[in-house]
Amino acid sequence: MDTGELLALYEQMALIRRTEKAAHDLFLQGLVKGTTHLAAGHEAIAVGASAALREDDYVFATYRGHHHAMARGASPEECLAELMSRATGLCKAKGGSMHLTKAATHMLGSYAIVGAHLPMAVGAAWSAKLRGTGQLAVAFFGDGATNIGAFHEALNLAAVWKLPVLFVCENNLYMEYTPIADVTAVARPAADRAPAYGIPGEVVDGNDVVSVQEAVARLARRARAGDGPAVLEAETYRHFGHSRADPATYRPAEEVERWLKHDPLDIARGRLIEAGVSEDTVTAADERARAVVREAIEAAKNAPPPDPREAFTDVWADGGAAWRT
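Everything numeric here is computed off the predicted structure, so don't read it as measured data.

A. Representation of the pattern of salt bridges within the structure. Inspection of the entire model under this criterion finds 17 salt bridges. Residue E257 pairs with K261 through a salt bridge whose shortest N-O separation is 3.5 Å. Within the structure, one salt-bridge network assembled from shared partners comprises R17, E43 and D263.

Structure (structure tokens):
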């Protein structure tokens, strides 16, 4: 990866981080409806993976999916407007924080039911294989989903049918409030279980955007070549609690401090400086991200509320809601 590419990824991560910060602040101001599950700290996984994918590859995410929606083309304004229940929102105010979706860019949704989207990614991969399109399906999920039946069902079918699907676990050490290590028999909840289904399982530093990009690119080539699915466990850490209602006091202070020093943006910035990119250039990327999000906040605040007549649009693929038999 050359420095131009890395700088672009750094700026995208900075844009996501600032959008997440805006979501946090707007929630505290009473402008975000419902709860939010922030992904600050997870940016390198979404951005690094997306950099390794084709534009027509399918992506499925969890309710902590702001970073994935933005990595696949959603703008800060679209996301913040959706969180604020505005007509200009990504889903026209129908989805909110937990259901960000941009089908036009093949980001096929964020799902609030833990693990529910993994079999859906398998279905998308099966479709791609049948149609011979060379497309890949990628399911991003948290460590807690590895103890859900759908995780095992999805891995099994993907292996049996040798499908072009990647299972990427964002292991942030906690399944909501419970440490994953306390309730799981293996050290690597995703990667250690992959061999049971005859597929490779790897672990990567999920806070290093370059390492994530390289791992996903390699596994994507393998899947497109017909060698079947793989599991990638990306180790990361969320900067906030599980949701806005969670102060995360159950996490040891020294653990939080250690992970905050391993920040995805700091790692990418360090790589850029080491490669000879000036501090001013990196700071300019930060400032561009800041300006975009500042404008997005104002645009979302000034956007109109949704038209109630829109409630029954986009229920079916034809854009309507008329029942059919």
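Read on for the rest.
B. View of a nonpolar patch on the surface. Taken together, the side chains of W126, L130, L157, V160 and W161 define a hydrophobic patch exposed on the protein surface, amounting to about 510 Å² of accessible area. Those elements giving two or more residues to the nonpolar patch turn out to be α5 (117–131) and α6 (149–160). With a relative accessible area of 58%, V160 lands in the exposed category.

C. Highlighting the side chain of R64. Along the chain, R64 turns up in the loop between β1 (58–62) and α3 (66–71). Although R64 lies buried, it forms no salt bridge, and the closest oppositely charged side chain, E170, sits 7.0 Å away as judged by the N-O distance. From its side chain, R64 meets the backbone oxygen of L38 in a polar contact 3.0 Å long. Polar contacts involving the side chain of R64 include one to the main-chain carbonyl oxygen of H242, which spans 3.0 Å.

D. Spatial organisation of the packing of α5 against α6. One way to put it is that α5 packs onto α6 with a least axis distance of 8 Å and a crossing angle of 15°. Taken together, the axes of α5 and α6 lie roughly parallel to each other. When you trace α5 past α6, the crossing you get is left-handed. Contacts from L118, P119 and V122 in α5 reach A150, F151, A154, L157 and A158 in α6. Of the residues that constitute the contact of α5 with α6, the class distribution is eight nonpolar, no polar and no charged.

E. View of the packing of aromatic side chains. One pass over the structure, following the stated rule, counts seven aromatic pairs. Here Y174 and Y250 contribute two aromatic rings whose centre-to-centre distance is 5.5 Å and whose plane-to-plane angle is 55°, an arrangement assigned as tilted. Linking Y174 in strand β5 (residues 174–175) with Y250 in the loop between β8 (230–235) and α8 (253–260), this pair joins segments that are 76 residues apart in sequence. Using a relative accessible area of 7% as the deciding quantity, one classes Y174 as buried. Owing to a relative accessible area of 27%, Y250 belongs among the partly exposed residues under this scheme. When the ring of Y177 is compared with that of Y250, the centres are 5.9 Å apart and the planes differ by 75°; the resulting orientation is edge-to-face.

F. View of the sheet that holds strand β2 (residues 107–111). Spatial strand order, β2-β1-β3-β4-β8-β7: six strands in an open sheet with parallel pairing. Sheet topology places β2 and β7 (201–205) at the edges, where each strand pairs with a single neighbour. Strand after strand, the sheet turns through a mean of 20° between neighbouring axes, direction not considered. Bridging between β1 and strand β3 (residues 137–142) involves three bridges; their strand directions are parallel. Within β3, the position partnered with Y58 by the bridge is A137.

G. Spotlight on the packing of helix α2 (residues 43–52) against helix α7 (residues 209–227). Where α2 contacts α7, the two axes come as close as 7 Å, and the packing angle between them is 40°. The orientation of α2 relative to α7 falls into the category oblique. The chirality of how α2 crosses α7 is right-handed. Counting all contacts with α2, which are made through A44, I45, V47, G48, A49, A51 and A52, the residues of α7 involved are V209, V212, Q213, V216 and A217. Tallied by class, the residues present in the contact of α2 with α7 amount to ten nonpolar, two polar and no charged.

H. Broad picture of the layout of surface pockets. When its volume is computed, the largest pocket comes out at roughly 320 Å³. Looking at the largest pocket, it is lined by 21 residues, and the ones nearest its centre are Y63, V114, G142, D143 and G144. Among the elements of the structure, β3 and β5 are those that each provide at least two residues to the lining of the largest pocket. Tallied by class, the residues present in the lining of the largest pocket amount to nine nonpolar, eight polar and four charged. Volume-wise, the second largest pocket comes out at about 190 Å³. R18, K21, A22, D25, L26, Q29, R290, V293, R294, I297, E298 and K301 together form the lining of the second largest pocket. Only α1 (3–28) and α10 (279–302) provide two or more residues apiece to the lining of the second largest pocket. No other element matches the six residues that α10 contributes to the lining of the second largest pocket. Residue composition of the lining of the second largest pocket, grouped by class: four nonpolar, one polar and seven charged.

What counts and how
Residues numbered from 1 in each chain as written. Predicted model: local features only at pLDDT ≥ 70, side-chain atom pairs only at ≥ 80, totals over all residues. Heavy atoms only, no water. Salt bridge = Lys/Arg side-chain N within 4 Å of Asp/Glu carboxyl O. Patch = residues over 30% accessible without salt bridge, like charges linked within 9 Å, V, L, I, M, F, W, Y side chains within 5 Å. Areas by Shrake-Rupley, 256 points an atom, 1.4 Å probe, with all protein chains shown as cover. Helix = DSSP H or I, 4+ residues; strand = E, 2+ residues; numbered from the N terminus. Buried < 20%, exposed > 50% of the residue type's maximum accessible area, 1.4 Å probe, protein only. Lys, Arg positive; Asp, Glu negative; His and termini not counted. Polar contact = N/O pair within 3.5 Å; in protein donor to acceptor, adjacent residues only side chain to side chain. Axes fitted to C-alpha atoms, helices over the stretch in contact; angles between N-to-C directions. Parallel < 35°, antiparallel > 145°, perpendicular 65-115°, else oblique. Left-handed = near helix turned anticlockwise from the far one by under 90°. Contact = heavy atoms within 4.5 Å. Nonpolar A, V, L, I, M, F, W, Y, C, P; charged D, E, K, R; others polar. Phe/Tyr/Trp six-rings, centres within 6.5 Å; stacked < 30°, edge-to-face > 60°. Pairing = 2+ DSSP bridges. 1 Å grid on protein atoms, 1.4 Å probe; cavity = no way out; pocket = protein on both sides within 12 Å on 5 of 7 lines; lining within 4 Å. Points joined across faces, edges and corners; volume = space filled by probe spheres on them.

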